[in-house]
Amino acid sequence: MTDAPSSVEKPTDPAIESGLDRLTPDRIRQVIQQVLKNETGPRFKAYVETCMRCGLCAEACSYFLSNDRDPQFMPAAKVKNTIWEMLKKDGDVSKDFLRRAVRIAHLECNACKRCAMYCPFGIDIAYLMLLVRRICHKLEITPQYIQDTVNSHSVTLNQMWVKDDEWIDTLQWQEEDARDEFEDLQIPLDKVGADIMYSVIAPEPKFQAGLLYQAATLMHAAGMNWTMPSTPGWDNSNMAMYTGDNEISGRIARAFFETAARLRVKRIVMGECGHAFRSVYDMGNRWNSWVMPPFEVVHALAFYHELLTQGRISIKEKYKKKVTLHDPCNVSRGRGLHDKAREVVNMVCEDFVEMTPNREHNYCCGAGGGVINCGPPYKAERMVNNRVKAEQLAATGADVLIAPCHNCHSGLEDVIQHYDLKMEIKFLGDLIYDTMEKKIYEPGA
Amino acid sequence: MNSFIAFIMGPMVWISFIIFLGGLTIKLVGILKAVRQKEPYIYSYVTLKHSLRSIGAWMIPFFPRSARMSPVYYGISYLFHVLLFLVPLFLASHIVLINEAFQISWPALNDQVADWLTLGVIAALIFFAVRRVMVPEVKFLTGAMDYVLILLVMLPFLTGFLAYHQWIAYRWITVIHILSGELVLIIIPFSRFSHMLTAPLTRAYMGSEFGHVRQAKDW
Ligand code: SF4
Ligand code: SF4
Ligand code: SF4
């Protein structure tokens, strides 16, 4: 594991650069003051005033650990290099300062909140970094690729510019394919009053339609009364949440819940995605003034657990290869699903080894929090910044890595390739699909 | 001189305690009011149960993973915080003064023991200072103010130690001892020492977010 941080060339991002060109000192000051004074409150004040500069949060951060303990990458240092300086200068910061601040907030922090578990005061540095992203958003210096996904959200209400007919076509195509396995299988569209609305993120129809096929098979075999919306509102991903574009982020979550309300479903089940879960379980609902989500939101991990423990799905023969499990921050640290995840893995696989640290303390995949969405220009540094993950994976000696989150999955695939780890990577759903009995559930049978 | 000493040992003690307790109270009320005004959502998430769960977990020595990863620092810091309150409150000569003023008293630490514990506090502060120089990630965060804070806390303990042994300029040392003790009390509400109030609050909030919403542990 070779790369030293200095060997990574810092790319120039056209969106950041052209944004910086447009800025005047007045505008910079105004925006920073507006956000830090009007959009924060006692919580922010307490975080800034309470930090004792003790450095204990350093141990938490995979960026710090991966970069040979370079202080610049420790959580509180990221606050020092952004927020403290903005406060000290009352917003009068230079463009060079901002160029660095965007990178810190967007590329050197996953907003994974691991550090909040290592700071004795529970200071939430992810919150502070998202605040910096909010400032960058208002200054219009958000990195190009992730800004494009937000633009897509804004226009289409999905992340990948999927057109309305393309969405429906993809579902029908997967339905047709899946009929090879179950001849009367359906992906029921807009079925009002169904028990479950199943929702996915836009990369599924765009690049990984097979996952829709698998999910449909699972639903069908388990005999669920389910539906998918044909209209915008089907995508539960939310990149605006990570760029500080709270207004669009709120719109996305609102459209999502309104779709579920229109279909009058009892609950929402979603695919294996971490940030999407965070959006509808934790953040998007708040922006729309729901303390907790207005619908029960069930992440795939919990759903698999339910299907297997209720016997709606049974495993024909357990998966043989040695597997390990990555705990996605947003559903373990974010929703405590790690124990259920382990139970499912043990029900499906024969040979499971833990990676350490695990559960709430797992290292982030290095892709989450919108980092991978900043695109290919930043891939090289992303690999350097996640060396600890590679070491953690290598130490398990597993053949297969289960990553039940889309971002984690893509990020870890890159890690495996870059560090030449001899591992396959799978979703948990892939393994269930491979090992399950392909027959339809009959109550009492 | 005598009237000056009478002042710093009489009214000034009152003034210091009033500023210390009053300042913290005003700060607490200010925070709670500001939360209601600007971030009322916080009240929707904070639960007593999860707040106490988190604060409790973080009070148990070496229980959080963070503490197990830095046992030396946490161990010293833990003892330091205990002694910071224990030594002044249970020092025989302090209790005598309180007894003279209010006719109340409580068991005191043996003077010898207190002497060693005072040295312990001073040693812990020296450790904190050295750590600020030696550990790169801590050094990176450290500013002049951090050393000032260390010195401020050290002063009453150091002078207390010297006054007890009466090696040099007893009278002056005692005056500095009293004044620095009062100074520390007075600045608590206005400095980062106010973490004695805010730390439980931030922990309670994070503990509630983790316990109540995230249904995960935060230690
Ligand atoms: S939120 Fe995660 S990535 Fe960001 S500073 Fe904290 S530990 Fe590091
Ligand atoms: S652990 Fe907490 S108090 Fe210490 S430096 Fe980090 S954020 Fe500040
Ligand atoms: S992508 Fe996965 S591991 Fe990474 S932040 Fe999201 S949930 Fe965490």
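Caption draft 1: Main features of the packing of aromatic side chains. Going through the model one piece at a time under the given rule, you end up with 17 aromatic pairs over all chains. When the centroid spacing of 5.8 Å and the interplanar angle of 80 degrees are considered together, the rings of Phe161 of chain B and Trp167 of chain B count as edge-to-face. Accessibility expressed as a relative area gives 12% for Phe161 of chain B, which makes it buried. Of the aromatic side chains, those joined through ring pairs into one cluster are Tyr73, Tyr74, Phe80, Phe127 and Phe128 of chain B. The cationic tip of Arg53 of chain A hangs over the ring face of Trp84 of chain A; the distance from NZ or CZ to the ring centre is 3.9 Å. In this arrangement the basic side chain of Arg214 of chain B is found over the ring face of Phe210 of chain B, its NZ or CZ atom lying 5.2 Å from the centre.

Caption draft 2: Spotlight on the confidence of the model for chain A. Residues with a pLDDT of 70 or more make up 98% of chain A, whose mean pLDDT is 95. Note on residues 1-6 of chain A: pLDDT under 50 across the span, and eight contacts to partners over four residues away in sequence or across chains.

Caption draft 3: Examining the site of ligand 2 more closely. Close to ligand 2 lie 13 residues, the nearest being Cys51, Cys54, Gly55, Cys57 and Cys119 of chain A. Two or more chains meet at ligand 2, and those chains are chains A and B. In a pocket analysis with a 2 Å cut-off to the grid points, ligand 2 is assigned to the second largest cavity. Residue composition of the shell around ligand 2, grouped by class: eleven nonpolar, one polar and one charged.

Caption draft 4: Molecular detail of the interface of chain A and chain B. Listed per partner, the contact involves 53 residues of chain A and 42 residues of chain B. Each partner contributes to the roughly 4,200 Å² buried at the junction of chain A and chain B, and carbon and sulfur atoms together form 57% of this total. Our count for the contact surface shared by chain A and chain B stands at four salt bridges. Put simply, Arg214 of chain B and Asp282 of chain A hold a salt bridge, and the shortest N to O gap is 3.7 Å. Counting across the interface, chain A meets chain B through 28 residue pairs in polar contact (both at pLDDT 80 or more).

Caption draft 5: Expanded view of the layout of surface pockets. Put simply, the second largest pocket is a space of about 990 Å³. Residue lining of the second largest pocket: 33 residues in total, with Arg43, Tyr127, Asn246 and Trp287 of chain A together with Tyr41 of chain B positioned closest to the centre. Within the residue set of the lining of the second largest pocket, elements represented by two or more residues are α7 (125-139), α13 (246-262) and α14 (274-287) of chain A together with α3 (41-45) and α12 (195-214) of chain B. If you tally residues by element for the lining of the second largest pocket, the top one is α14 of chain A, at six residues. Class assignment for the residues of the lining of the second largest pocket results in twelve nonpolar, nine polar and twelve charged. Residues from two domains meet in the lining of the second largest pocket; each of domain 1 (14-142) and domain 2 (148-308) of chain A gives at least three.

Caption draft 6: Local environment of helix α6 (residues 71-89) of chain B. Residue and element names in this part refer to chain B. When the terminal C-alpha atoms of α6 are compared, their 27 Å separation across 19 residues agrees well with the 27 Å that a helix rising 1.5 Å per residue should span. Within the sequence span of α6, burial applies to Tyr73, Tyr74, Gly75, Ser77, Phe80, Leu83 and Val87. Looking at the packing, one finds that the buried side of α6 touches α4 (48-59), α5 (65-69), α8 (111-134) and α10 (144-165).

Caption draft 7: Representation of empty space enclosed by the protein within the structure. Residue and element names in this part refer to chain A. Applying the stated criterion across every chain yields a total of five cavities of 30 Å³ or more. Space inside the largest cavity adds up to approximately 200 Å³. In terms of lining residues, the largest cavity is bounded by 18 residues, among which Tyr198, Leu211, Ala215, Glu272 and Tyr304 are the most central. Elements supplying a minimum of two residues to the lining of the largest cavity: α11 (209-221), α15 (300-309) and α20 (428-435). Top element by residues in the lining of the largest cavity is α11. It accounts for five residues. A class-by-class count of the residues in the lining of the largest cavity yields twelve nonpolar, four polar and two charged. Composition of the lining of the largest cavity by domain shows at least three residues from each of domain 2 (148-308) and domain 3 (316-435). For the second largest cavity, the calculated volume is near 140 Å³. Cys51, Cys57, Ala76, Ile123 and Ile125 are, among the 17 residues lining the second largest cavity, the residues nearest its centre. When residues of the lining of the second largest cavity are traced back to their parent elements, those giving at least two are α5 (75-88) and α7. If one sorts the elements of the lining of the second largest cavity by residue count, α5 sits on top with three residues. Of the residues in the lining of the second largest cavity, the class split is 15 nonpolar, one polar and one charged.

The rules we used
Residues numbered from 1 in each chain as written. Chains lettered and ligands numbered in written order. Predicted model: local features only at pLDDT ≥ 70, side-chain atom pairs only at ≥ 80, totals over all residues. Heavy atoms only, no water. Phe/Tyr/Trp six-rings, centres within 6.5 Å; stacked < 30°, edge-to-face > 60°. Buried < 20%, exposed > 50% of the residue type's maximum accessible area, 1.4 Å probe, protein only. Lys NZ or Arg CZ within 6 Å of the ring centre and 35° of its normal. pLDDT = per-residue confidence, 0-100. Contact = heavy atoms within 4.5 Å. Near = heavy atom within 4 Å. 1 Å grid on protein atoms, 1.4 Å probe; cavity = no way out; pocket = protein on both sides within 12 Å on 5 of 7 lines; lining within 4 Å. Sits in = over half its atoms within 2 Å of the grid points. Nonpolar A, V, L, I, M, F, W, Y, C, P; charged D, E, K, R; others polar. Buried area = accessible area lost by both parts, 1.4 Å probe. Salt bridge = Lys/Arg side-chain N within 4 Å of Asp/Glu carboxyl O. Polar contact = N/O pair within 3.5 Å; in protein donor to acceptor, adjacent residues only side chain to side chain. Points joined across faces, edges and corners; volume = space filled by probe spheres on them. Helix = DSSP H or I, 4+ residues; strand = E, 2+ residues; numbered from the N terminus. Domains from an automatic or database assignment. Expected span 1.5 Å × (residues − 1).

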